[in-house]
Amino acid sequence: MALLTRRRWLEEGLTLLEEAGAEALTIESLTNRLGVTKGSFYHHFANYQDFKERLLEFWAEEGTLRIIQWAEKEAAPSEKLARVIRASLQPPRLDVALRAWALQDEQVRMHQQRIDQQRLEYLEELVADSGADHLSARQFARVLYSIYVGSQHIIPPIEGEDLGALYQLVQQCFEKEMR
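Nothing here was measured: the structure is a model prediction, and the numbers come from that model. Counting starts from 1 at the beginning of each chain's written sequence and moves along it residue by residue. Reporting of local features is limited, given that this is a predicted model, to residues whose pLDDT is at least 70; pairs of side-chain atoms are given and counted only at 80 or more, and all residues count toward the totals for whole chains, interfaces and linings. Think of the side-chain values as coming from all heavy atoms in the structure, minus any hydrogens and water.

K.L.:
Tell me about the UniProt feature "domain: HTH tetR-type" (unreviewed entry) in the protein, residues and numbers included.
P.N.:
UniProt positions are given in the numbering used here, feature names are shortened, and annotations may be inferred rather than shown by experiment. Mapped onto this numbering, the UniProt entry annotates "domain: HTH tetR-type" (unreviewed entry) at residues 3-63. Between the end C-alpha atoms of residues 3-63 the distance is 26 Å, and the span holds 75% helix and 0% strand. We count a stretch as a helix when DSSP gives it H or I for four or more residues in a row; a strand needs E for two or more, and each element gets its number in order from the N terminus.

K.L.:
So, the environment of isoleucine 155: which residues are in play, and what are the values?
P.N.:
Considering the arrangement of structural elements, one finds isoleucine 155 in the loop between helix 8 (134-153) and helix 9 (160-178). Taking the C-alpha atoms as reference points, isoleucine 155 and serine 130, separated by 25 residues in sequence, lie 34 Å from one another.

K.L.:
Please give an account of the layout of surface pockets that cites residues and values.
P.N.:
Both cavities and pockets are sets of points on a 1 Å grid over the protein atoms alone; in a cavity a 1.4 Å probe fits but cannot get out, in a pocket the set is open with protein on both sides within 12 Å along at least five of seven lines, and lining residues sit with an atom within 4 Å of a point. Grid points are joined across faces, edges and corners, and a volume is the space filled by probe spheres set on the points. Estimates place the volume of the largest pocket at around 320 Å³. Every residue lining the largest pocket is counted, 19 residues in all, and those nearest its centre are Ile67, Val84, Ser88, Arg119 and Tyr148. Elements that contribute at least two residues to the lining of the largest pocket include exactly helix 4 (48-71), helix 5 (77-88), helix 7 (106-129) and helix 8. When residues of the lining of the largest pocket are assigned to their parent elements, the largest contribution, six residues, is made by helix 4. Residues belonging to the lining of the largest pocket are distributed by class as follows: 13 nonpolar, three polar and three charged. In this structure, the second largest pocket spans a volume of roughly 210 Å³. Each residue is assigned to one of three groups, with Ala, Val, Leu, Ile, Met, Phe, Trp, Tyr, Cys and Pro labelled nonpolar, Asp, Glu, Lys and Arg labelled charged, and all others, Gly among them, labelled polar.

K.L.:
Which residues make up the packing of aromatic side chains, and what are the values?
P.N.:
Here a Phe, Tyr or Trp ring, Trp counted by its six-membered ring, pairs with any other such ring whose centre lies within 6.5 Å, and the pair is stacked when the planes are under 30 degrees apart, edge-to-face when over 60, and tilted otherwise. According to the stated counting rule, one finds eight aromatic pairs in the structure shown. Centre to centre, the rings of phenylalanine 45 and phenylalanine 51 are 5.1 Å apart; their planes meet at 85°, and the pair counts as edge-to-face. A relative accessible area of 1% means that phenylalanine 45 is categorised as buried. Each residue in the set Trp9, Phe41, Tyr42, Phe45, Tyr48 and Phe51 is aromatic and connected to the rest through ring pairs, giving one cluster. Each residue's exposure class comes from its accessible area (1.4 Å probe, protein chains only) as a fraction of the maximum for that residue type: buried when under 20%, exposed when over 50%, partly exposed otherwise.

K.L.:
Provide a residue-level description of the UniProt feature "DNA-binding region" (unreviewed entry) in the protein, including the pertinent values.
P.N.:
Taken from the UniProt record, the annotation "DNA-binding region" (unreviewed entry) applies to residues 26-45. For the annotated span residues 26-45, helix accounts for 75% and strand for 0% of the residues, and the straight-line distance between the end C-alpha atoms is 13 Å.

K.L.:
Which residues make up the nonpolar core, and what values do they have?
P.N.:
Side-chain atoms within 4.5 Å are what join buried Ala, Val, Leu, Ile, Met, Phe, Trp, Tyr and Cys residues into a set we call a nonpolar core. Judged by nonpolar contacts, the single largest core of 25 residues is most densely connected at Trp9, Phe51, Leu98 and Trp101. Elements represented by at least two residues in this core include exactly helix 1 (6-20), helix 2 (27-34), helix 4 and helix 6 (94-102). When residues no more than four places from it in sequence are discounted, the contact partners of tryptophan 9 are Leu4, Leu30, Thr31, Leu34, Val36, Ser40, Phe41, His44, Phe45 and Phe51. In terms of nonpolar packing, the next biggest core, distinct from the first, is built from 23 residues, Ile68, Tyr122, Ala141 and Leu144 among them. Residue contacts follow a heavy-atom distance rule, with two residues in contact if any of their heavy atoms lie within 4.5 Å.

K.L.:
Describe the pattern of salt bridges, naming the residues involved and giving the relevant values.
P.N.:
Throughout this description, the term salt bridge denotes a Lys or Arg side-chain nitrogen within 4 Å of a carboxyl oxygen of Asp or Glu. Applying the stated criterion across every chain, the model contains 14 salt bridges. Two residues, glutamate 62 and arginine 7, come together in a salt bridge whose shortest N-O distance is 3.4 Å. You can see glutamate 62 sitting in helix 4 and its partner arginine 7 sitting in helix 1, a full 55 residues away along the chain. Here arginine 119 ties to aspartate 95 by a salt bridge, and the two come within 3.3 Å at their closest N and O atoms. Of this pair, arginine 119 sits in helix 7 while aspartate 95 is found in helix 6, placing the two residues 24 residues apart along the sequence. Summarising the burial analysis for this pair, arginine 119 and aspartate 95 share the class buried. One connected set of salt bridges, linked through shared partners, spans Arg7, Glu11, Glu62 and Arg66.

Quick look at the structure:
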C-alpha cells in the first residue's frame, strides 16, 4: 500500500465534497475511497476539525491564491484581469458545494466570506490599476464576481464561451461608462 501525503487527503476531500456534498465528507468515507485505515488519517490530521481547517486552507490556496499568482505573471492590469477571467470560464462545482456547506457551518461561512473578500479586493485592485476610480472599480469588481458566482448556480451552469461572452459584454459596458 502506498503512503498517502497530506495533499492527497486534501485533494480527495475536495473531490468528495464536490461530488457528494459536505454531509458525505467523513473520515470513514475518505478512508473507504482511499482504501486505507483511519490510522492513516490520524497520521496526517489530529482530528476531523484539523482536517476541515486544513481543507479550507487548501481550497483557498488552490482556488484563489494559485489563480492570483498565475495572473500576477502578467505586467499589465488588463492582462492580469484577462487571466483571472480565463481561469473562471470552467468553474469547478466545488465552489457551489462550499457555498452550500457555508450555509450550514459557521466556520465554513467565515472562510467563504474571507475568500469572497480576497477575490473581490483583487478584482477591484486590477480594475483600479487600469485607471478606474475607486467606486467604479469596486462596482465593476462586484459585477464580475456576481456573474462568476451566479453563473454556477444556474442549471445548467453558464460556462465556457457563454460565460466569456457575458464577461465581454460587461467589460464593453464598463469601458463605455469610463469614457
